[in-house]
Amino acid sequence: MMIHIQPGDDLPIYRQIMRQVTEAVAGGRMKVGDKLPSQRELAEQLVISHLTVKKAYDELEREGVIETRRGRGTFVAESAQLPGKAERLENLRPACRQLISKAWLSGVPFEEVLQMLGEVRDQMAAGRKSGHTARDERED
Amino acid sequence: MNILEFHNVTRAFKRGINVLDEVSFSIAPGEVVGLLGRNGAGKTTLIRTAMGMIRPQAGTVSVFGSDPAIDAVAVKQRIGYVSEDQTLPPRITVEKVIDLHRSLYPNWDENFATELLERFALAPKMRIDQLSKGQARQVALIGAVAHRPELLLLDEPAGGLDSVARREFLETAVRLLAESGTAILFSSHHMNDVERLAQRVVMLQGGRVFLDCALDDLRENYCRAIIPGGHGATPSELHHLDGFLAARQRGGALHAVFHLDPESASAGIRERLGFETSACSRLPLEEMFIELAGGTI
């Protein structure tokens with residue numbers, strides 16, 4: 001997997017690394033037993049202090065997402081699990097905030113936003129079969 | 001033992017105006033500290049006291065337990081130093097500069113020096129005055145790191161360099177840090193570079209240490225509240241709030257920085273000043289620096 005970081009982002013760099021590894025595991029792009037780059041490799045690749053990588057790896061290990069096997073490297077742990085439901089819901093909050101702000105600025109009442117959400121979902125469900133959504137077109 | 005210790009370091013160039021005013025902090029082996037502050041805050045003067053180039057009028061500087069102005073040679077063999085205004089002799093070749101450094105340092109790592117010359121694509125036969133500013137700085141960097149110093153002092157090392165040269169400079173520092181556990185004190189106006197390299201930041205303001213904390217602590221446990229005008233919040237009321245650090249007037253609003261998480265800062269404002277503010281947030285280093293260094297209230 002490729003990890004990338006952005007200094008000056010809302011999250012400190014070690015949290016950006018943690019989030020990407022967690023999302024890669026949760027999204028199935030990394031599987032139990034997959035190997036992560038060594039701390040030194042990742043530090044040189046991202047041009048950040050190896051101590052920052054160490055902090056991210058230590059925290060991920062504490063959360064049970066990864067494990068270090070002495071002399072062999074760092075791997076996705078057996079205990080890696082999807083983040084809890086509460087956390088997944090929380091992850092949606094920024095998108096909700098943005099949608100509600102945009103609707104308000106455009107003068108669209110909240111009820112119509114809810115209705116539109118339903119319509120868009122139906123379109124996406126239909127599009128998935130006929131290949132009409134942007135995402136499906138990209139994958140074609 | 002600490003690698004570098006500043007204890008109440010005070011220095012004035014004009015009577016009564018302290019460029020450094022009782023500066024105290026220390027750096028442990030392998031620690032990387034970003035030295036922040038506006039122009040004129042005292043960063044360059046402080047770094048020069050660690051090099052023994054400037055002596056404090058009061059207080060002490062100790063490097064590896066010695067006074068850098070007295071044990072100059074012994075201390076400098078274990079230090080690397082690069083500054084923005086450092087100049088190499090213009091008429092000699094890159095090769096000659098490297099030879100000079102090699103003869104000064106018993107621990108000179110020839111392979112590392114050669115590797116860096118190749119990485120920076122520096123021609124050994126070029127004269128210093130034929131190089132670009134960035135290339136000359138790279139030669140200075142090789143001279144400062146190829147003896148694998150225990151302490152690297154960088155005073156605006158990237159000042160005046162283009163983005164590519166700056167990144168190459170950082171790459172070298174990142175490697176040295178990982179391979180040799182070098183402690184680094186570096187001043188920079190590039191906050192993204194500080195975020196990449198530093199574990200800790202020390203901020204100088206008017207020659208005094210205004211803030212000394214872990215970078216991640218500053219990113220996660222400090223926040224800014226924007227208090228719109230019309231609420232009648234006065235500067236003195238702000239000073240009485242828990243965790244208040246600095247504030248400045250921006251347009252009609254007050255920007256206040258708290259050493260609190262956003263939820264606690266909002267709660268304090270609600271309880272003490274009697275209104276809701278939703279505009280409390282954690283900030284990237286650059287924004288936080290501007291709020292703190294620009295604070296006038």
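Residues numbered from 1 in each chain as written. Chains lettered and ligands numbered in written order. Predicted model: local features only at pLDDT ≥ 70, side-chain atom pairs only at ≥ 80, totals over all residues.

1. Considerations on the overall build of chain A
Tallying secondary structure elements over chain A gives 6 helices and 3 strands in all. When the elements of chain A are put in sequence order from the N terminus, they spell out α-β-α-α-β-β-α-α-α. By the burial criterion, 22% of the 140 residues in chain A qualify as buried. Long-range pairs, those at least 24 residues apart, make up 46% of the contacts in chain A with a sequence separation of at least 6. (Helix = DSSP H or I, 4+ residues; strand = E, 2+ residues; numbered from the N terminus. Buried ≥ 20, exposed ≤ 12 C-beta atoms within 10 Å, placed from the backbone. Contact = placed C-beta atoms within 7 Å.)

2. Some words on the overall build of chain B
Counting secondary structure elements, chain B contains 11 helices and 13 strands. The dimensions of chain B, computed from C-alpha atoms along their principal axes, are 70 × 40 × 35 Å. Here chain B holds 297 residues, and the buried ones make up 41% of them. Here the contacts in chain B between residues at least 6 apart in sequence split such that 70% fall between residues at least 24 apart.

3. Side note on the sheet that holds strand β4 (residues 58–63) of chain B
Hydrogen bonds between backbone atoms are what pair the strands of a sheet, whose relative direction is either parallel or antiparallel. All names here are of chain B. Spatial strand order, β2-β1-β4: 3 strands in an open sheet with antiparallel pairing. Of all the strands in the sheet, the pair left with one neighbour each is β2 (17–27) and β4. Strand-to-strand, the axes of this sheet are offset by a mean angle of 25°, without reference to chain direction. As judged from the 5 bridges shared by strand β1 (residues 4–14) and β4, these two strands associate in the antiparallel manner. Bridge assignment links threonine 10 to a residue of β4, and that residue is alanine 58. (Pairing = 2+ DSSP bridges. Axes fitted to C-alpha atoms, helices over the stretch in contact; angles between N-to-C directions.)

4. As for the packing of helix α3 (residues 94–104) of chain B against helix α5 (residues 133–145) of chain B
All names here are of chain B. Between α3 and α5, whose axes approach to 9 Å, the crossing angle comes to 20°. Classed by the angle they form, the pair α3 and α5 counts as roughly parallel. The handedness of the crossing between α3 and α5 is right-handed. Counted together, Val94, Val97, Ile98 and His101 of α3 and Val139, Ile142 and Gly143 of α5 form the full contact between these two elements. (Parallel < 35°, antiparallel > 145°, perpendicular 65-115°, else oblique. Left-handed = near helix turned anticlockwise from the far one by under 90°.)

5. Digging into the sheet that holds strand β11 (residues 244–250) of chain B
Residue and element names in this part refer to chain B. One open sheet accounts for 4 strands, arranged β11-β12-β10-β13; its pairing is antiparallel. Either end of the sheet is taken by a strand with one partner, and the two such strands are β11 and β13 (280–281). Sitting on the sheet, helix α11 (residues 285–293) touches β10 (223–227), β11 and β12 (253–258), and the angle it makes with β11 is about 85°.

6. Some words on helix α3 (residues 50–62) of chain A
With 13 residues, α3(A) should cover 18 Å at 1.5 Å per step; its first-to-last C-alpha distance of 18 Å lies within 8% of that length. Turning to α3(A), its buried residues number three or more, namely His50(A), Thr52(A), Val53(A), Lys55(A), Ala56(A), Tyr57(A) and Leu60(A). For α3(A), the secondary structure elements touched by its buried residues are α1 (13–26), α2 (39–46), β2 (66–69) and β3 (73–76) of chain A together with α6 (163–180) of chain B. A positive backbone phi angle near 80° is found at Gly64(A), which sits one or two residues after α3(A). (Expected span 1.5 Å × (residues − 1).)

7. Section: the nonpolar core
All names here are of chain B. Ranked by internal contacts, the top residues of the largest apolar core, which has 104 residues, are Leu153, Ile184, Leu185, Ala256 and Phe258. Looking at which element gives the most residues to this core, the answer is α5, with 7 residues. Once residues within four sequence positions are removed from consideration, leucine 185 is found in contact with Leu4, Ile27, Val33, Leu35, Ile47 and Leu153. (Core = buried A, V, L, I, M, F, W, Y, C linked by C-beta atoms within 7 Å.)

8. Quick notes on helix α1 (residues 43–50) of chain B
Counting buried positions along α1(B) gives 7 out of 8 residues, so the element sits mostly inside the fold. Where α1(B) is concerned, the buried positions are Lys43(B), Thr44(B), Thr45(B), Leu46(B), Ile47(B), Thr49(B) and Ala50(B).

9. Remarks on unusual backbone geometry
Notably, Val47(A) is not glycine yet its phi reads approximately 55°, a positive angle. Relative to the helices and strands, Val47(A) is located in the loop between α2 and α3. For Val47(A), a count of 18 C-beta atoms within 10 Å puts it in the partly exposed group. Residue Asn8(B) is not a glycine yet carries a positive backbone phi of 50°.

10. Focus: the interface of chain A and chain B
Taken together, the contacts link 15 residues of chain A with 19 residues of chain B. Elements represented by at least two residues in the side of chain A that touches chain B include exactly α1, α2 and α3 of chain A. Among the elements that take part in the side of chain A that touches chain B, α2(A) stands out by supplying 3 residues, more than any other. Its residues assigned to classes, the side of chain A that touches chain B comprises 8 nonpolar, 3 polar and 4 charged. (Nonpolar A, V, L, I, M, F, W, Y, C, P; charged D, E, K, R; others polar.)

11. Digging into the environment of Val73(B)
By the element assignment, Val73(B) lies in helix α2 (residues 72–76). Residues Val73(B) and Ala50(B), spaced 23 residues apart in sequence, show a C-alpha to C-alpha distance of 13 Å.

12. A short note on the packing of α1(A) against α3(A)
Angle between the axes and distance between the axes: these two values describe a pair of packed helices. All names here are of chain A. With their axes 8 Å apart at the nearest point, α1 and α3 run at an angle of 45° to one another. Taken together, the axis directions place α1 and α3 in an arrangement best described as oblique. By crossing handedness, the relation of α1 to α3 is classed as right-handed. Counting all contacts with α1, which are made through Ile13, Tyr14, Ile17, Met18 and Val21, the residues of α3 involved are Thr52, Val53, Lys55, Ala56, Glu59 and Leu60. Class assignment for the residues of the contact of α1 with α3 results in 8 nonpolar, 1 polar and 2 charged.

13. Re the pairing of strand β9 (residues 208–214) of chain B
All names here are of chain B. By the bridge criterion, 6 bridges tie strand β8 (residues 200–205) to β9 in an arrangement that is antiparallel. Among the inter-strand pairings, arginine 200 is bridged to a residue of β9, identified as alanine 214. Hairpin remark: β8 followed by β9, antiparallel, with 2 residues in the connecting loop; positive phi at glycine 206, about 55°.

14. Details of the confidence of the model for chain A
Fine structural detail should not be taken from predicted coordinates in areas where pLDDT scores are low. Residue and element names in this part refer to chain A. Considering every residue of chain A, the mean pLDDT works out to 83; 84% of them sit at 70 or more. At the level of individual helices and strands, chain A shows its lowest average pLDDT in helix α6 (residues 134–139), which scores 40, and its highest in strand β1 (residues 35–36), which scores 96. Every residue in residues 130–140 scores below 50 in pLDDT, and together they form 9 contacts with partners more than four places removed in sequence or on other chains. (pLDDT = per-residue confidence, 0-100.)

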